[in-house]
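# Fold and geometry: a report
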Amino acid sequence: LGYIIVSPWITRYSAPIHKPSGMDATLDSVTPATFRRIAIALDFSPNDQRSISAAVAQGGPEAEYLLIHVVESAGAMMMAHDIRDLEVQADKEKLEAYCRQFTSGGYRVTGKLGFGRPAKAIATLSKDFHSDLLVMGAHGHRGYKDFIYGSTVEAVRHRVHIPVLIVR
């Protein structure tokens, strides 16, 4: 106890003063990121518009885009690409409509349906596309709702090795 009380008085004058971590770092060599292959995870909710706008802001008309939607029904989990139910057909039509809108704006776009667990499918499709950016929408729930509904963003973030832009 005596050392703890006396030590600051003794070492205050003899200890060198340290700068906070990173104080000498310069930012002269910062270059803007250029994203040429951008994957966008969609869930056909109002969040899609914000996710697409954020992706286009990052890549512009020069980038190539991959629109991803994952069908996560019980049938899709069991049969994957072999399933041909009404949900898959409706999701395929929505994805094609998004692609047509993108293409009419002069963008290069591809649409892909994934099947099964969203985190795994999004990560796999993004890697197969050789994406250099993944854009995902977030629903904004936290805490116990993440426990109940799951957090796809967190699971995907741990599966990919590229920047992930989360749009809320």
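Attention here is on the structure that accompanies the text. (Residues numbered from 1 in each chain as written. Predicted model: local features only at pLDDT ≥ 70, side-chain atom pairs only at ≥ 80, totals over all residues. Heavy atoms only, no water.)

Before going further, it helps to examine the packing of helix α5 (residues 118-128) against helix α7 (residues 152-159). Two elements in contact, α5 and α7, have axes whose closest approach is 8 Å; the angle formed by their N-to-C orientations is 40°. Judged by the angle between their axes, α5 and α7 are oblique. The way α5 lies across α7 gives a crossing that is right-handed. Where α5 approaches α7, its residues P118, A119, K120, I122, A123 and K127 are matched on the opposing element by T152, A155, V156 and R159. Looking at the contact of α5 with α7 residue by residue, the classes come out as six nonpolar, one polar and three charged. (Axes fitted to C-alpha atoms, helices over the stretch in contact; angles between N-to-C directions. Helix = DSSP H or I, 4+ residues; strand = E, 2+ residues; numbered from the N terminus. Parallel < 35°, antiparallel > 145°, perpendicular 65-115°, else oblique. Left-handed = near helix turned anticlockwise from the far one by under 90°. Contact = heavy atoms within 4.5 Å. Nonpolar A, V, L, I, M, F, W, Y, C, P; charged D, E, K, R; others polar.)

Attention shifts here to the pattern of salt bridges. Enumeration according to the criterion identifies two salt bridges in this entry. Salt-bridge contacts for E64 lead to R37; the nearest nitrogen and oxygen are separated by 3.0 Å. Of this pair, E64 sits in strand β2 (residues 64-71) while R37 sits in strand β1 (residues 37-42); the two residues are 27 residues apart in sequence, bridging distant segments of the chain. Of the residues examined, E64 reaches a relative accessible area of 21% and is grouped as partly exposed. Close ionic contact of R157 with E154 constitutes a salt bridge, the shortest N to O distance being 2.7 Å. On the criterion of helical spacing, the pair formed by R157 and E154 is a turn pair, its members being three residues apart in helix α7. (Salt bridge = Lys/Arg side-chain N within 4 Å of Asp/Glu carboxyl O. Buried < 20%, exposed > 50% of the residue type's maximum accessible area, 1.4 Å probe, protein only.)

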